[in-house]
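Listed here are the chains, written in short residue letters.
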Amino acid sequence: MNIQILVRGIRGIIPGGVSLKDFSVVTQTSEDTARQILDNLMQNGIGTFKDNQIHFHENDKLKTSLLALKMGAPIDEISQILEWRDFESLVSEILELREFDVTRNLTLTKPRMQVDVIGIKAGIAILIDCKHWKRLSYSALVTAVNKQIERTKHYISKEKIRAALPAIVTLYQEEVKFISKVPIIPIFQFDSFCDEFYGNLEEMETLE
């Protein structure tokens, strides 16, 4: 499928049921093109057809975006379509599938700080800052890492937890890397990162 057509189709992915005609209107495509997009999505496990409507789940928009990125769609273009809720939702789902207890958008006080997603398993928390927009410079990533370390220290001072790990999850298609022992994880590798979480603790900035 043409990448630009697939990218246009992302805008039509709305949780719940949508008719072919409505999908065509939202994506500004002909019904034939809309049907082609939807058939392609369902072949990739995105959306189900029932009662003359295509039903999408909360995370299908981001899953389609990742599919488009793998096909070569520009990151900046995809990030403009996504909302932060789409990104946080998929991060949360991956953690839950790996049997973490998940909290989203936790606000800490004195000083006031907000953590995007927290996953806790076996007494160890991973505090995640979701960066779903365009590619960040190294200096911007360093700033993000330092802020996440401060949030993690603040969280530990407030919560009864054995240890906590700051992390940043990005949309970019890069390898996992570390800044000050804090992992910068591409979303497409986040599932395998969670699977190997305990085996990698020694390499990471774990605060107690």
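Scroll up to find the structure.
Residues numbered from 1 in each chain as written. Predicted model: local features only at pLDDT ≥ 70, side-chain atom pairs only at ≥ 80, totals over all residues. Heavy atoms only, no water.

Peer 1: So what exactly am I meant to see when it comes to the overall build of the chain here?
Peer 2: What the chain contains, in helices and strands, is eight helices and nine strands. If one aligns the C-alpha atoms of the chain with their principal axes, the spans along those axes are about 55 × 35 × 35 Å. Relative to its 208 residues, the chain shows a buried fraction of 49%. Look at the contacts in the chain between residues 6 or more apart in sequence, and 58% of them connect residues 24 or more apart. (Helix = DSSP H or I, 4+ residues; strand = E, 2+ residues; numbered from the N terminus. Buried < 20%, exposed > 50% of the residue type's maximum accessible area, 1.4 Å probe, protein only. Contact = heavy atoms within 4.5 Å.)

Peer 1: I keep staring at the environment of Ser 92 and nothing clicks. Help me out?
Peer 2: Turning to its location among the elements, Ser 92 is positioned in helix α6 (residues 84-97). Measuring from C-alpha to C-alpha, the distance between Ser 92 and Glu 150 comes to 22 Å, with 58 residues separating the pair along the chain. Dropping the residues within four chain positions of it, Ser 92 is found in contact with Val 102, Arg 104 and Val 117. Side-chain polar atoms of Ser 92 contact the backbone oxygen of Glu 88, separated by 2.9 Å. (Polar contact = N/O pair within 3.5 Å; in protein donor to acceptor, adjacent residues only side chain to side chain.)

Peer 1: I tried to follow the packing of helix α1 (residues 3-10) against helix α4 (residues 60-70) on my own but got confused; where do I start?
Peer 2: To characterise two packed helices, one gives the angle between the axes of the helices and the distance between these axes. Contact geometry for α1 and α4: axes closest at 9 Å, N-to-C directions at 165°. Taken together, α1 and α4 sit at an angle that is classed as roughly antiparallel. In this structure, α1 meets α4 at a crossing whose hand is left-handed. When α1 is examined against α4, the residues Leu 6, Val 7 and Ile 10 are found in contact with a partner set consisting of Lys 61, Thr 64, Ser 65, Leu 67 and Ala 68. (Axes fitted to C-alpha atoms, helices over the stretch in contact; angles between N-to-C directions. Parallel < 35°, antiparallel > 145°, perpendicular 65-115°, else oblique. Left-handed = near helix turned anticlockwise from the far one by under 90°.)

Peer 1: Even after reading the chapter, I still don't get the nonpolar core, so can you show me in this structure?
Peer 2: Most often, soluble globular proteins have nonpolar side chains that are buried together. Core analysis: the biggest nonpolar cluster contains 44 residues, and Ile 128, Ile 187 and Phe 190 have the highest contact counts within it. With sequence-adjacent residues up to four places away left out, Phe 190 is seen in contact with Val 91, Ile 94, Leu 95, Ile 128, Val 169 and Ile 185. (Core = buried A, V, L, I, M, F, W, Y, C linked by side-chain atoms within 4.5 Å.)

Peer 1: Looking at this model, I keep getting lost on the packing of helix α2 (residues 20-27) against helix α3 (residues 31-43). Mind explaining?
Peer 2: Between α2 and α3, the shortest axis-to-axis distance is 9 Å and the interhelical angle comes to 100°. Judged by the inter-axis angle, α2 sits roughly perpendicular to α3. Residues Leu 20, Lys 21, Phe 23 and Ser 24 of α2 lie in contact with α3, whose contacting residues are Glu 31, Ala 34, Arg 35, Ile 37 and Leu 38. Its residues placed into classes, the contact of α2 with α3 shows five nonpolar, one polar and three charged. (Nonpolar A, V, L, I, M, F, W, Y, C, P; charged D, E, K, R; others polar.)

Peer 1: Whenever I open this one, the sheet that holds strand β7 (residues 163-170) confuses me. Can you help?
Peer 2: Pairing between the strands of a sheet is mediated by backbone hydrogen bonds and can be parallel or antiparallel. Reading across from one edge, β4-β5-β6-β7-β9-β8 is the order of the six strands in this open sheet, with mixed pairing throughout. Both edges of this open sheet fall to β4 (101-108) and β8 (177-179), since each of them pairs with a single strand only. On average, each strand axis in the sheet is inclined to that of its neighbour by 35°, with strand direction left out of account. Bridge count between β8 and strand β9 (residues 182-186): three bridges; the pairing is antiparallel. From the neighbouring strand, Ile 179 faces β9, where its bridge partner is Val 182. (Pairing = 2+ DSSP bridges.)

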